[in-house]
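Each chain, written out:
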Amino acid sequence: MTTSSSSTIGKGEPAFPPFNPFVRHPTSLLGKVKMIVCGSILVPIRLTGAIATLSCCLLWCNICSLGCSDLSQPYSPFRRRLLQGGCRVFSRILLFWYGFIWLRESYEIENVDERARQPHPSVVVVNHIGFAEIMYLIYGDGCCFVSKDTNRALPFIGKISQVLQSIFIDRGEGQGAGGGATSNKSMHNTSSHMSDVSSTSRGGGGNTTLENILERAHSPPGTWPPLAICPEGTTHTGHVLIRFATGAFRAGLPVQPVVVSSPFSPKFGYDPSFSCANIVTHVLCLMTQPMNHLHVKHLAVYVPSDAEKKDPKLFANNVRQKMSKELGVNCYDLTWTDKLRFESSEKARELGRQKLAARNGGVVPPMPIFTQDAFGNDLVDEAKKDK
């Protein structure tokens, strides 16, 4: 895999690309003017519509879960179809209110009959650039997802996520980065930091997160809704793929890779990726755009070889390689820990320094030096022009 880098930041530390993969592209002056003009009309309408849609979705989830005392057990087929049908509709409407008016969907295997002959995996793996891909997978594939445990307590999102039978993981952020963007109050920053799952991380029914994933993967088809996992474990700007955790691959069963991108104009657009940003501000800014773009491609179901079944890390890396080739981006061995130093919250940045020091023998590596933006523009030359 290609992993070019701007600099070496410490002994044994992963390389960074020439640009910062965790910080969104800044909005130009023209883009800001466009946001003010369009947002004054669009935001009140879209915000009202989004709140109303979330309220209706919550009501639907409450109705569909009536009589279910234990949400960790599979629903009856009828109840599941009823629940998924409504949530699919509401998810698509929410995408509309967020400005994703048209979705570009494609398939690696274009023939419908040939697609139908593929295995039907229980796990969907997708790259993580924000919240739009999660909402799309609820709409398009009827998925539930792996989410931070802190999201259980969120208005609207917490109850909806639980009724959808999502799996929750505790990354210990309540003690570390609770005030930062890494714990923003929304399903929009769902994650699956599976390689670091401990025996105390709990999903439904008192099992560990990994045990719940394995149970879903090995259950007969149709027992549970498809489980969407973002194996990168955190969001980024979408111009790279970072390290894949192995939780989605430990069952040694076929997975459904899905790749998403959200292109925008760096001259007058707004970067729709959600990384190192305040969620409320980000959602409002999305609503100022006349149209946001979401491109989704379902790749062929990935069936692991015997070697990949025995080695989850090999399995994960090979799936990542296939997804990166489709997206046309490079792979880097970066993780959520590397992202923390770029968060807006001092609490999150301090947690990042602590984790980096623990990983680097007690020494915090220097900050990487970035020489380009994600579009290949030379930052050094731009800085000279400003002077």
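Residues numbered from 1 in each chain as written. Predicted model: local features only at pLDDT ≥ 70, side-chain atom pairs only at ≥ 80, totals over all residues. Heavy atoms only, no water.

Another aspect to go through is helix 7 (residues 279–288). Counting buried positions along helix 7 gives seven out of 10 residues, so the element sits mostly inside the fold. Those residues of helix 7 that fall on the buried side of the exposure criterion are I279, H282, V283, C285, L286, M287 and T288. Looking at the buried positions of helix 7, the neighbouring elements they touch are helix 1 (29–64) and helix 2 (77–97). In this structure N278 caps helix 7, since a side-chain oxygen of it lies 3.0 Å from the backbone nitrogen of V280. (Buried < 20%, exposed > 50% of the residue type's maximum accessible area, 1.4 Å probe, protein only. Helix = DSSP H or I, 4+ residues; strand = E, 2+ residues; numbered from the N terminus. Contact = heavy atoms within 4.5 Å. Polar contact = N/O pair within 3.5 Å; in protein donor to acceptor, adjacent residues only side chain to side chain.)

Right, let's get into the nonpolar core. Membership of the largest hydrophobic core comes to 73 residues, with the highest contact counts inside it found for F249 and V319. Of the residues forming this core, the biggest block, seven residues, is contributed by helix 1. Among all residues touching V319, those that are not within four sequence positions of it are V125, F244, F249, V255, P257 and Y302. Membership of the second largest hydrophobic core comes to 10 residues, among which are F16, F22, I242 and Y332. (Core = buried A, V, L, I, M, F, W, Y, C linked by side-chain atoms within 4.5 Å.)

Right, let's get into the side chain of S166. The topology assignment puts S166 in the loop between helix 5 (157–163) and strand 4 (167–169). Looking at S166, its side chain comes within polar contact range of the main-chain nitrogen of F145, at 3.3 Å. Setting aside anything within four residues of it in sequence, one finds S166 in contact with C144, F145, S161 and R216.

A cluster of nonpolar residues, L29, V33, I36 and V37, forms a patch on the protein surface that exposes about 430 Å² of accessible area. The residue V33 is located in helix 1 in this model. Assessed through its relative accessible area of 43%, V33 is described here as partly exposed. (Patch = residues over 30% accessible without salt bridge, like charges linked within 9 Å, V, L, I, M, F, W, Y side chains within 5 Å. Areas by Shrake-Rupley, 256 points an atom, 1.4 Å probe, with all protein chains shown as cover. Salt bridge = Lys/Arg side-chain N within 4 Å of Asp/Glu carboxyl O.)

This brings us to the pairing of strand 2 (residues 123–126). Of the two faces of strand 2, the one carrying V123 and V125 and the one carrying V124 and V126 are both buried. The sheet contact formed by strand 2 and strand 5 (residues 227–229) spans three bridges and is parallel. By the bridge assignment for strand 5, V125 is matched with I229. (Pairing = 2+ DSSP bridges.)

With that out of the way, let us pick up the side chain of S91. Structurally, S91 can be placed in helix 2. By relative accessible area, which is 8% here, S91 ends up buried. Residues within four places of S91 in sequence aside, it is in contact with M135, I138 and Y139.

Taken as a whole, this structure holds eight salt bridges when the rule is applied. Salt-bridge contacts for E346 lead to R349; the nearest nitrogen and oxygen are separated by 2.8 Å. In this pair, E346 and R349 both sit in helix 11 (residues 346–359), three residues apart, roughly one turn of the helix. Through salt bridges with shared partners, a single network forms among E346, R349, E350 and R353.

It is worth spelling out the sheet that holds strand 4 at this point. Overall, mixed pairing links the seven strands, which are arranged 1-8-7-2-5-3-4 in an open sheet. Only two strands of the sheet have a single neighbouring strand rather than two, namely strand 1 (103–107) and strand 4. Within this sheet the neighbouring strands show an average axis-to-axis angle of 25°, counted without direction. Here strand 3 (residues 144–148) runs beside strand 4; their pairing, made up of three bridges, is parallel. The partner of K148 across the bridge, within strand 4, is I169. (Axes fitted to C-alpha atoms, helices over the stretch in contact; angles between N-to-C directions.)

In this section: helix 4 (residues 132–141). Extensive coverage of helix 4 is indicated by the burial of eight of its 10 residues. Within the sequence span of helix 4, burial applies to A132, E133, I134, M135, Y136, L137, I138 and D141. Just downstream of helix 4, G142 is the residue with a positive phi angle, here 65°.

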